[in-house]
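Here's the letter readout for the chains.
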Amino acid sequence: QTKIVDSPARTMGDLVEYYVPGMMMGRHEYGGGLVAARGIMVDNNAKTLLLLGGQNINQRGHLGSELEWKVPLMGDVASIEVINGPNAIVHGSGAISGLVNMIPKNGTDYQGWSASTEYGFVDQLKKAELGYGYSYGEGRDVYAYLGWVTASGINAHADTWPDSFNALRGRSTGEAGDIDDGEKVQGFPQDNFKFTLNWNHDQFKLLALFEDYHATFDGPDDDHATREAELLAASPWLTGLATDDIDNSNEPTLNVTKLSIGPEYTIELTDTLSLDLKGSIQYMQHSYDNTIYMEDWSTGSGYAYFLDGEKEGGRENHFGIKTILKSTAINRHSIALGTEFGRREFKQNDTWFHGKVDAERGEYVNMHWRETSLFGEDVIELTDRWQFSAGVRHDEFNYSDVSLYYTQKGLGVSEKSVKDLQNTSYRLATSYEVDDTATVKLMYSEGFRAPDAGYWARHALFDVLANSKATPFDLPDLKPEEMTTTELNFIKEFPKEHLRTTVNVYENAYKQTL
């Protein structure tokens, strides 16, 4: 926590960028930060898990985490834990490139009130954070946090954008490419809130999160950079649209709202045997405000424009339970056996918390699926300095039919069936302490990522298009993305110099990438 407070980092993205070897941050023009792990970056964060106290808070309807990397509300975070590479044995689908676990503050280490405020002169940022911790006995404490932030953003100049964007827009409009000065980026035009509660009472734990984030788009896209006349001139097929219909005063924003509740209870069966019960209740929504994307599929041209008050999006919910039986009854063995059951449901053109959805977008879908998992791992102390571990996990996904409607493009998919999926992952690892200051580690690990609902939506839409061609064809079925890593690690510490060095050699192999 001292490093977090004293560092120049203001967001989770900053922390990863400044302090985590092997990870860096990029930026998506719509969704904020993009996490790159070991040189791999794609246009979403579904390959990297974002956890809060071990709870997976990634969206499965819209490809991972987004605004959590960008919104500067970190007053509830005590530290972060980062793992590079696949980690499917514990966390299942999505733990393919790595994970970032935000460790929340507790009422024992952070007792009493804390408050902070911040004002930004350039972006007109206003921020306030309030926390309170209380301990009422050994193993019994509670910590509550509330954060709020808003910012108008900064003005981006025309020369901010690469020439390629200007050239692209010039070709599409038939005019010289141009981006207007004064476009607002990196802003939070609406009130952004975050609330967390961390309660520990003996063997019972409760971790709750509510976040309601809104941020401006950060890219030079036509939906918030194109002048009215250019838009209308470029899109004559948008009949009936007049300049008065276009509202350039409202910046289009991305909205992400999440409610996550995670109860946990540990039953001490014997001195060497315990049972962990972990629940998960989550409601999430994802939407775009003040923007509608229209596309003429006959010509392949598309232009985005925004109307006052329009919202397009979808919602999801998840209910799950994980059980882990832990045993140290066998000498020099630490064994964990577990099961996990869950159900996820997704609904297009709907929200949980606020606002109605006015328009459709092809990124959302109506479907649900069940997840069933079995996993186990054994850590063996071969000697006082040498450890070996082996683990395996099997996951099955049972899907409903898929349906979605995209009348803006004249497309609709009703009751398209998808095949159930399954995946088995393995992990082997060994570590040897050469001496008190040097350790060698060798690991083989597998990870996987089952297709998220956003992929099923796109797959269903593109399948309709493929079958509308003169020579129709079906798209191949989606399969889980798989990754294997072989890694050799050497750690050497120099206590007198307060120096720790690490040499890491690894090979990643991907199959069936999504």
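Residues numbered from 1 in each chain as written. Predicted model: local features only at pLDDT ≥ 70, side-chain atom pairs only at ≥ 80, totals over all residues. Heavy atoms only, no water.

## Remarks on the sheet that holds strand 3 (residues 48-52)
Pairing in this open sheet of four strands is mixed, and the strands run 4-3-6-5 from one edge to the other. Each of the sheet's edge strands pairs with one partner strand only, and the pair in question is strand 4 (55-56) and strand 5 (77-84). Judged from the two bridges that link them, strand 3 and strand 4 form a sheet pairing that is antiparallel. In the sheet register, leucine 52 faces strand 4, and the bridge partner there is glutamine 55. (Pairing = 2+ DSSP bridges. Helix = DSSP H or I, 4+ residues; strand = E, 2+ residues; numbered from the N terminus.)

## Notes on the environment of glutamate 396
Positionally, glutamate 396 belongs in strand 21 (residues 386-399). When the C-alpha atoms of glutamate 396 and arginine 370 are compared, they prove to be 8.0 Å apart, with 26 residues separating the residues in sequence. Apart from residues lying up to four places away in sequence, glutamate 396 is in contact with Arg370, Glu371, Thr372, Leu421 and Gln422. A polar side-chain atom of glutamate 396 sits 3.2 Å from a polar atom in the side chain of histidine 394. (Contact = heavy atoms within 4.5 Å. Polar contact = N/O pair within 3.5 Å; in protein donor to acceptor, adjacent residues only side chain to side chain.)

## Describing the packing of aromatic side chains
This structure, assessed with the given rule, holds 14 aromatic pairs. With a centroid separation of 6.1 Å and an interplanar angle of 15°, the aromatic rings of tyrosine 134 and tyrosine 136 are classed as stacked. The class for tyrosine 134 is partly exposed, based on a relative accessible area of 41%. Consider the rings of phenylalanine 397 and tyrosine 399, whose centres lie 6.4 Å apart with planes at 15°: the pair is stacked. Among the aromatic residues, ring-to-ring pairing joins Phe346, Trp369, Phe397, Tyr399, Phe448 and Trp456 into one connected group. The ring of tyrosine 506 carries arginine 38 above its face, with NZ or CZ at 4.2 Å from the centroid. (Phe/Tyr/Trp six-rings, centres within 6.5 Å; stacked < 30°, edge-to-face > 60°. Buried < 20%, exposed > 50% of the residue type's maximum accessible area, 1.4 Å probe, protein only. Lys NZ or Arg CZ within 6 Å of the ring centre and 35° of its normal.)

## Observations regarding the pairing of strand 21
Bridging between strand 20 (residues 367-381) and strand 21 involves 13 bridges; their strand directions are antiparallel. Counted as the bridge partner of glutamate 371 is phenylalanine 397 from strand 21. In textbook terms, the turn of a hairpin is the stretch between consecutive antiparallel strands, and for strand 20 and strand 21 this stretch comprises four residues.

## Thoughts on the confidence of the model for the protein chain
Low pLDDT marks stretches whose predicted atomic positions should not be read closely. Across the protein chain, the average pLDDT comes to 81, with 79% of residues at or above 70. The low-confidence segment residues 163-180, where pLDDT is below 50, has 28 contacts with residues more than four positions distant or belonging to other chains. When the criterion is pLDDT under 50, residues 292-309 qualifies, and its contacts beyond four places in sequence or with other chains add up to 64 contacts. (pLDDT = per-residue confidence, 0-100.)

## Some thoughts on the pairing of strand 14 (residues 253-268)
Sheet topology note: the strand 13 (residues 204-216)/strand 14 ladder contains 13 bridges and is antiparallel. Each bridged residue has a counterpart across the sheet, and for alanine 208 the counterpart in strand 14 is isoleucine 261. Across 14 bridges, the pairing between strand 14 and strand 15 (residues 273-289) is antiparallel. Each bridged residue has a counterpart across the sheet, and for threonine 253 the counterpart in strand 15 is aspartate 289.

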